[in-house]
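Each chain, letter by letter, is given below.
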There are 2 protein chains.
Amino acid sequence: MDRIFISPGPVYEPHLSENDYLWARAYHAAGIGKEDIVLNAFSYHMVAAGLTFHGGLRRVGATVIPSGTSSSQQQVQLIRDLNVTAYTGTPSFLMAIIQKAEELGYDFKSDFRMRRACFAAEPLQPSLRKRFEKEFGIDTYQMYGATEVGDVAYECSEKQGWHICEEVLVEIVDPETGKKLPKGCLGEVVVTRFNSIFFLFRFGTGDLSKITESPCPCGRTSYRLNGIEGRVGDALKVRGLFIAPSQLKKIQEIFKDVKIQLIVARISHEDILTIRLEPKEASINTIPIEEKFRTVFKDICTVKIDRMEHVQHGTLKEDDRLMIDERTWK
Amino acid sequence: MDRIFISPGPVYEPHLSENDYLWARAYHAAGIGKEDIVLNAFSYHMVAAGLTFHGGLRRVGATVIPSGTSSSQQQVQLIRDLNVTAYTGTPSFLMAIIQKAEELGYDFKSDFRMRRACFAAEPLQPSLRKRFEKEFGIDTYQMYGATEVGDVAYECSEKQGWHICEEVLVEIVDPETGKKLPKGCLGEVVVTRFNSIFFLFRFGTGDLSKITESPCPCGRTSYRLNGIEGRVGDALKVRGLFIAPSQLKKIQEIFKDVKIQLIVARISHEDILTIRLEPKEASINTIPIEEKFRTVFKDICTVKIDRMEHVQHGTLKEDDRLMIDERTWK
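What you see is a predicted model, and the numbers here were worked out from it, not measured in a lab. (Residues numbered from 1 in each chain as written. Chains lettered and ligands numbered in written order. Predicted model: local features only at pLDDT ≥ 70, side-chain atom pairs only at ≥ 80, totals over all residues. Heavy atoms only, no water.)

Some remarks on the overall build of chain A
Here is step 1: Along the backbone of chain A there are 8 helices and 21 strands.
Here is step 2: Taking 20 Å as the expected radius of gyration for a compact globule of 330 residues, we find that chain A reaches 22 Å, a close match to that expectation.
Here is step 3: Seen along its three principal axes, the alpha-carbon backbone of chain A occupies a region of about 60 × 50 × 40 Å.
Here is step 4: Counting every position in chain A, which comprises 330 residues, the buried fraction comes to 54%.
Here is step 5: Long-range contacts, defined here as pairs at least 24 residues apart, represent 60% of the contacts in chain A between residues at least 6 apart.
Here is step 6: For chain A, the exposed area adds up to about 15600 Å²; of that, 50% sits on carbon and sulfur atoms. (Helix = DSSP H or I, 4+ residues; strand = E, 2+ residues; numbered from the N terminus. Rg over C-alpha atoms; globule rule 2.2 N^0.38 Å. Buried < 20%, exposed > 50% of the residue type's maximum accessible area, 1.4 Å probe, protein only. Contact = heavy atoms within 4.5 Å. Areas by Shrake-Rupley, 256 points an atom, 1.4 Å probe, with all protein chains shown as cover.)

Have a look at this one:
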């Protein structure tokens, strides 16, 4: 066995072999190679992250600076002194580093040479991605995996979903029954990867996603994960299909003038899905958008809306929940 | 290039290749192998230590726990939970870990399975070594090297000097002239190691040592370094030979009843070496030990004593220097 890492608890698990070169595929897809000097801001101590990403970066030939959990000020110094071209770590730590650099009087985009960032371990918010790319000139890539199974999926330059690695078998299942869901449905990401060190059969990640089978313009032929919509416990199951809060938030980004609430009730043994729409300003009428809303909702959440309620401006309170489950299971 | 590390300054240097498996020879000589679970308490972040020792441990087949700079309490937990059999790190940190364990109510020797420790980066005091071995049942090994050149020498179970690694060329030189000193003399350790990444020709370590050519009972045929006697700046040169404070301290360990002071003067263009002996208690007479003292001094320091002064108990003050250079170089 190569090494052992610790998870809070503590849960001890063997580390996947350093010979597997996990994540190399992801770094390659992000365009990282021999010319790159990469800051690896994941911790190398106890957790598996630092050493695992280090191995992947070395596999594509990049020079690695194992900066780990050094302070943001030290990371700024390294980026400057060593002409760092890429970053791997969490998005929030990169933003902290950029803020520290600007605080120290640097113009991050023009003073430094960092042009790429590969993120893992934390969701990348679309607004943050936009800032990294537009404001600071950093091309961003998401990588998805778990310590227990290694790399699972990664983004290519098309950024239309995450390509699933060839070595892993990904299933989308109903977390309650463990049964595979029909194509295109939202469900728990369950991963199987064969290896001789730490073989987990059908490892439940607790993450919600769905699979896209359509081909990617990049030319890779793998299926893709459609991002992570949230965690299993956050979702509601409506007529056998899961709806996650993050899906509603996506819809809300399209319909910026309205507030949304989703209610699931059970009438004569059937789930009834109601959407409440409230105009953000009293002058807006929500009725004309109803049809487009139904289409977008079906696209994103798969489930069909049964009823739509148009409520007056001021009806939904700030602390009202986004999704309400009125069903009882007596 | 594999990775870059930082030294205070900052000085940036490329890391020696992970393919060289530095330190594997040292761990093997310490008896570490496939059955071992080793706590690597060197930092993996920025400095070269953690990753380099990790590579050596993997090379001999040991399972590594990359605990790095985790707290002593966490290290205790790991030693206990994972049945750790060996430690690599500094001696002072291992003592801190043992003290924390005893503070937490454990009996380190009987509750844990740690039986070996391989130290680097810090001198191992003989008194501390004795405690590790006798009190806590930990067989200790010293490893010697420098970030710039990798592993230089290591101890075998005979613990009679440090075997010099086959890949390095070690010279003992006069730090003032850079010239090689005669066999068996104390001088600066200068190392040359061929490699394609970071080739330093005659790297001056600043450490003082001498070479032993006599065969080791372990069967290894390499020359050996006779420990590290101190740093270049701490030594005095007497008739072309260096004397380090640590050598005097060794002598003091043999003659426990006396205090020692060394004085170098220059009379008619010659160095005159005087040793002052003071009894630690008024009742002790230092004259009878003079002959044995001269012999031991010659063995350890190579230089011959010119004069011996027997001073009264209470003459040497607590803050008097161990070595005094009275020469002027006008």
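Quick notes on the side chain of R129(B)
Here is step 1: When you line up the elements, R129(B) lands in helix α6 (residues 126–135).
Here is step 2: Among residues more than four places away in sequence, those in contact with R129(B) are L124(B), T140(B), Y141(B), Q142(B), E155(B) and K159(B).

Observations regarding the sheet that holds strand β20 (residues 307–310) of chain B
Within a sheet, each strand pairs with its neighbour through backbone hydrogen bonds, oriented either parallel or antiparallel.
Residue and element names in this part refer to chain B.
Here is step 1: One open sheet accounts for 4 strands, arranged β20-β19-β18-β21; its pairing is mixed. Every interior strand has two partners, whereas the edge strands, β20 and β21 (323–325), have only one. Neighbour to neighbour, the strand axes of the sheet diverge by 20° on average, direction disregarded.
Here is step 2: In this sheet, β21 lies alongside strand β18 (residues 258–267) in parallel orientation, the contact comprising 3 bridges. Considered in β21, the bridge of V264 is made with D325.
Here is step 3: Together, β18, β19 (270–279) and β20 form the strand contacts of helix α8 (residues 290–301), whose direction differs from that of β20 by roughly 135°. (Pairing = 2+ DSSP bridges. Axes fitted to C-alpha atoms, helices over the stretch in contact; angles between N-to-C directions.)

Observations concerning the domain arrangement of chain A
Here is step 1: Taken domain by domain, chain A comprises domain 1 (1–147), domain 2 (161–233) and domain 3 (236–325).
Here is step 2: A straight line from the C-alpha centre of domain 1 of chain A to that of domain 3 of chain A covers 38 Å. (Domains from an automatic or database assignment.)

A short note on the packing of aromatic side chains
All names here are of chain B.
Here is step 1: Scanning all chains against the criterion turns up 20 aromatic pairs over all chains.
Here is step 2: Relative to F53, the ring of W23 has its centre 4.9 Å away and its plane inclined at 40°; by these criteria the two rings are tilted. Placement of W23 in the loop between β2 (11–14) and α1 (24–29) and of F53 in helix α2 (residues 49–59) is noted, with a sequence separation of 30 residues between them. Judged on exposure class, the residue W23 and its partner F53 are both buried.
Here is step 3: Aromatic side chains F293 and F297 sit 6.4 Å apart centroid to centroid with 20° between the ring planes, which places their arrangement in the stacked category. Separated by 4 residues within a single helix, F293 and F297 lie in helix α8, roughly one turn from each other.
Here is step 4: Judged by relative accessible area, which is 0%, F297 ranks as buried. (Phe/Tyr/Trp six-rings, centres within 6.5 Å; stacked < 30°, edge-to-face > 60°.)

A closer look at the pattern of salt bridges
Here is step 1: Counted according to the given criterion, the structure contains 44 salt bridges over all chains.
Here is step 2: Close ionic contact of R266(A) with D271(A) constitutes a salt bridge, the shortest N to O distance being 2.6 Å.
Here is step 3: You can call R266(A) partly exposed: its relative accessible area is 36%.
Here is step 4: D271(A) gets classed as buried once you look at its relative accessible area, which sits at 7%.
Here is step 5: Of the charged contacts, one joins K183(B) and E213(B) as a salt bridge, the two residues approaching to 3.3 Å between their closest N and O atoms. On the criterion of sequence distance, the pair formed by K183(B) in the loop between β10 (168–173) and β11 (187–193) and E213(B) in the loop between β13 (211–212) and β14 (224–225) is long-range, its members being 30 residues apart.
Here is step 6: Through salt bridges with shared partners, a single network forms among R129(A), E133(A), D139(A), E155(A) and K159(A). (Salt bridge = Lys/Arg side-chain N within 4 Å of Asp/Glu carboxyl O.)

Side note on the nonpolar core
Here is step 1: L225(A), F297(A), L225(B) and F297(B) are the most contacted members of the largest nonpolar core, which has 142 residues in total.
Here is step 2: When near neighbours in sequence (up to four residues on either side) are disregarded, L225(B) contacts Y144(B), V152(B), A153(B), G161(B), W162(B), I164(B), V170(B), I172(B), V189(B), S209(B), K210(B) and I211(B). (Core = buried A, V, L, I, M, F, W, Y, C linked by side-chain atoms within 4.5 Å.)

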